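# Summary of structural features
The lines below spell out each chain.
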Amino acid sequence: MAQEDIFKKLVAHCKEYGFVFQSSEIYDGLSAVYDYAQMGVELKNNIKKYWWDSMVLLHENVVGIDSAIFMHPTTWKASGHVDAFSDPLIDNKDSKKRYRADVLIEDCIAKYDTKIEKEVKKAEKKFGDSFDKTQFMETNPRVLSNLKKKKELNDRFVKALEDNDLDELKQIIIDNGIACPVSGTKNWTDVRQFNLMFSTEMGSTAEGSSKIYLRPETAQGIFVNYLNVQKTGRMKLPFGIAQIGKAFRNEIVARQFIFRMREFEQMEMQFFVRPGDEIKWFDKWKETRMSWHKALGFSDDKYRFHDHEKLAHYANAATDIEFKFPFGFKEVEGIHSRTDFDLTKHQEFSGKKIQYFDPELNKNYTPYVVETSIGVDRMFLQIISEAYCEETIKKDDGKEDKRVVLKLPAALAPVKLAVLPLVKKDGLPEKAREIIDELKFDFNCQYDEKDSIGKRYRRQDAIGTPFCITIDHDSLDDNKVTIRYRDTMKQERVNISDLYDILKEEVALKTLFKKLK
Ligand code: ATP
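So, here is what we can say about the structure in this document. (Residues numbered from 1 in each chain as written. Predicted model: local features only at pLDDT ≥ 70, side-chain atom pairs only at ≥ 80, totals over all residues. Heavy atoms only, no water.)

## What to know about the packing of helix H5 (residues 101-127) against helix H7 (residues 141-162)
Where we set the bar: Interaxial angle, 0 to 180 degrees, is taken between N-to-C directions of lines fitted to C-alpha atoms, where a helix line uses only the stretch in contact. Secondary structure follows DSSP: runs of H or I at least 4 residues long count as helices, runs of E at least 2 residues long count as strands, and numbering of each begins at the N terminus. An angle below 35 degrees is read as roughly parallel, one above 145 as roughly antiparallel, one from 65 to 115 as roughly perpendicular, and any other as oblique. The handedness criterion is simple: a crossing whose near helix is rotated anticlockwise from the far helix by less than a right angle is left-handed, and one whose near helix is rotated clockwise is right-handed. The contact criterion used throughout is that any non-hydrogen atoms of two residues lie within 4.5 Å. Following the grouping adopted for this structure description, the nonpolar residues are Ala, Val, Leu, Ile, Met, Phe, Trp, Tyr, Cys and Pro, the charged ones are Asp, Glu, Lys and Arg, and the polar ones are all others, Gly among them.
Packing of H5 against H7 leaves a shortest axis separation of 9 Å and a crossing angle of 165°. Here H5 lies roughly antiparallel to H7, going by the angle between them. Relative to H7, H5 is oriented so that their crossing is left-handed. Seen from H5, the contacting residues are Asp 102, Ile 105, Glu 106, Cys 108, Ile 109, Tyr 112, Asp 113, Lys 115, Ile 116 and Glu 119; seen from H7, they are Arg 142, Val 143, Asn 146, Leu 147, Lys 149, Lys 150, Leu 153, Asn 154 and Phe 157. Taken together, the residues of the contact of H5 with H7 break down into nine nonpolar, two polar and eight charged.

## Quick look at a positive patch on the surface
The condition that has to hold: For patch detection, residues must exceed 30% relative accessible area and be free of salt bridges, and they are connected within 9 Å for like charges or within 5 Å for nonpolar side chains (Val, Leu, Ile, Met, Phe, Trp, Tyr). Accessibility throughout is a Shrake-Rupley quantity obtained with a 1.4 Å probe, and a residue counts as covered only by protein chains that appear here. By definition here, a salt bridge exists when the distance from a side-chain nitrogen of Lys or Arg to a carboxyl oxygen of Asp or Glu is within 4 Å. Just so you know, the count uses Lys and Arg for positive and Asp and Glu for negative, and it drops His and the chain ends. A charged residue contributes its charge at one atom only: NZ of Lys, CZ of Arg, CG of Asp or CD of Glu. Relative accessibility thresholds used throughout: buried, under 20% of the residue-type maximum; exposed, over 50%; partly exposed, between the two (1.4 Å probe, protein chains only).
A surface patch of like charges, here positive, comprises Lys 111, Lys 115, Lys 118 and Lys 149. When residues of the positive patch are assigned to their parent elements, the largest contribution, three residues, is made by H5. Summarising the element assignment, Lys 149 is placed in helix H7. The partly exposed category is assigned to Lys 149, whose relative accessible area is 41%.

## Some words on the site of the ligand
Short version of the rule: The rule for a residue being near a molecule or strand is that one of its heavy atoms must lie within 4 Å of it. Think of a polar contact as two N or O atoms within 3.5 Å of one another; within protein, one of them needs to be a possible hydrogen donor and the other a possible acceptor, and neighboring residues in sequence only count if both atoms come from side chains.
Taken together, the neighbourhood of the ligand is formed by 17 residues, with Glu 251, Arg 260, Met 261, Glu 331 and Val 332 sitting nearest. Note that an oxygen atom of the ligand is positioned 2.7 Å from one of the side-chain N or O atoms of Arg 260. Gln 266 places a polar side-chain atom, nitrogen or oxygen, 3.3 Å from an oxygen atom of the ligand. Where the shell around the ligand is concerned, the elements lending two or more residues are strand E10 (263-273), strand E13 (328-339) and strand E16 (368-375). Looking at which element gives the most residues to the shell around the ligand, the answer is E13, with five residues. For the shell around the ligand, the per-class residue count stands at five nonpolar, five polar and seven charged.

## Things to note about the nonpolar core
Soluble, globular proteins show a tendency: their nonpolar side chains are buried together. Spelled out, the test is: What is meant by a nonpolar core is a set of buried Ala, Val, Leu, Ile, Met, Phe, Trp, Tyr and Cys residues, joined one to another through side-chain atoms within 4.5 Å. Boundaries of every domain are those given by an automatic assignment or by a domain database.
Membership of the largest hydrophobic core comes to 61 residues, with the highest contact counts inside it found for Phe 19, Tyr 50, Trp 51, Phe 380 and Leu 412. Viewed by domain, this core spans two of them, domain 1 (1-65 + 200-388) and domain 3 (410-513), each represented by three or more residues. In this structure, Leu 439, Phe 443, Leu 499 and Leu 503 belong to the second largest nonpolar core, which totals 22 residues.

## What about the environment of Ile 212?
Along the chain, the position of Ile 212 falls in strand E8 (residues 210-214). With 140 residues separating them in the primary sequence, Ile 212 and His 72 have C-alpha atoms 7.2 Å apart. Here Ile 212 is in contact with Phe 70, Met 71, Pro 73, Phe 198, Ser 199, Thr 200 and Met 202, once residues within four sequence places are set aside.

## Notes on the pattern of salt bridges
A complete count under the given rule lists 45 salt bridges for this structure. Across the salt bridge formed by Lys 15 and Glu 25, the nearest N and O atoms sit 3.2 Å from each other. Highlighted residues: Lys 15 in helix H1 (residues 3-16) and Glu 25 in the loop between strand E1 (20-22) and strand E2 (34-36), separated in sequence by 10 residues. Of the residues examined, Lys 15 reaches a relative accessible area of 43% and is grouped as partly exposed. Within this structure, Glu 391, Asp 401, Arg 403, Lys 407, Arg 458, Asp 461 and Arg 484 form a network of salt bridges that share partners.

As structure tokens, this is what we get:
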């Protein structure tokens, strides 16, 4: 099935099974704003806990905060967001559709990779086992020509961004024949900058009110609290401050479901280090964060680093962790070495000294910062799109059946255990309730007595429940139940008293933490 169709099915599945709803749907929705439903919120909370504990619990020198969404307006002047937090936009005059000029060009660059991949696949088929990919990439004329064109375009694009040359961005779009995907025409407006921050008024009277912003990133809440945390927590460098919270961006083009939203959630950690040590820590956090992603058990070829060629003016190294979504490799997390830019700016704008006294060096300095910044919603989309499977299975009577199963990592699954009495009578429901009352303090359990067992299994598969247990008449005598494993559909008879241990091993976040490097 085409990746696009799978994606459509996934979006429908998220609605049908109570993971994600469009915001204010009864009023036809609000563009690029979504609500997490009864299953979605559990999965989202588990993702946040996986991140939070991996940062704050597992690192002695990382502490957490929860700062307000509203911040003093000067914060955003100091950070540069008022002047420079913008994207270049361009409109197609025929379709009236709006695009990010940089994204149109990036997509065009990516097309060269697709062309190269196609050549490689063709050659692989032709030459079979004797195929040498490295040699092919270095010698095939079509590959070389595409690589050259890609590099030329990329260099021109990077320079235009560096020079903030909006006319040149438009010229690149024209020279490369980029057409609007909707109208198919190349009838473009000029490129202009568009600030992504939402603003509102604080205060009750028109004269007394002031313009404030909804934070476009959580990081600034950490920077302005750096001194407070360092002093009250008696923190010694290197140390980190972690935070999870909402961020708001008036995205020009919001597409692809929860990949790009106008209200979203970030998990950010700022790690404060001695100047000069930042690249060492940047490399260390790159490795730590990649290992956090890979511990989820999806295949390694789904991940890659994308090092930034064009660095923000305050950064001296930056990379993205990209994941292969159904619509291609895209950023889920950014890791940035931000130098002392933010703290220095806040010092300048607030007039307060923001420095660290290093007892070992016996001197004061402004710490450097390495940041890890990941979107909760993109992580949610990554996990659910990777977990979504459609399988053909054989039923007991030999006939074929279909099942949709979310193969979520058990530790993140919204419901850990479904408890299913075979029939609604003869004391089986009571036995089921007894089991739930024993296990509900440790695991999210769901009781279901409606429909056939087969249908109930399907419902649990569709929400990713890793374990189902069935209570039958024998259970009343032998205190055993049938446990059914989601992925293998294997069933076995186990003692009710063993259930806690069986589940605990599999569904604890600890199983993921143990895989971390
Ligand atoms: P992009 O290039 O995709 O716009 P970005 O480089 O602006 O992303 P950052 O500012 O580095 O993103 O933000 C850190 C993380 O926050 C991103 O890696 C992403 O996971 C998440 N994020 C950023 N913007 C959005 C959004 N509009 N919707 C959902 N998540 C987002």
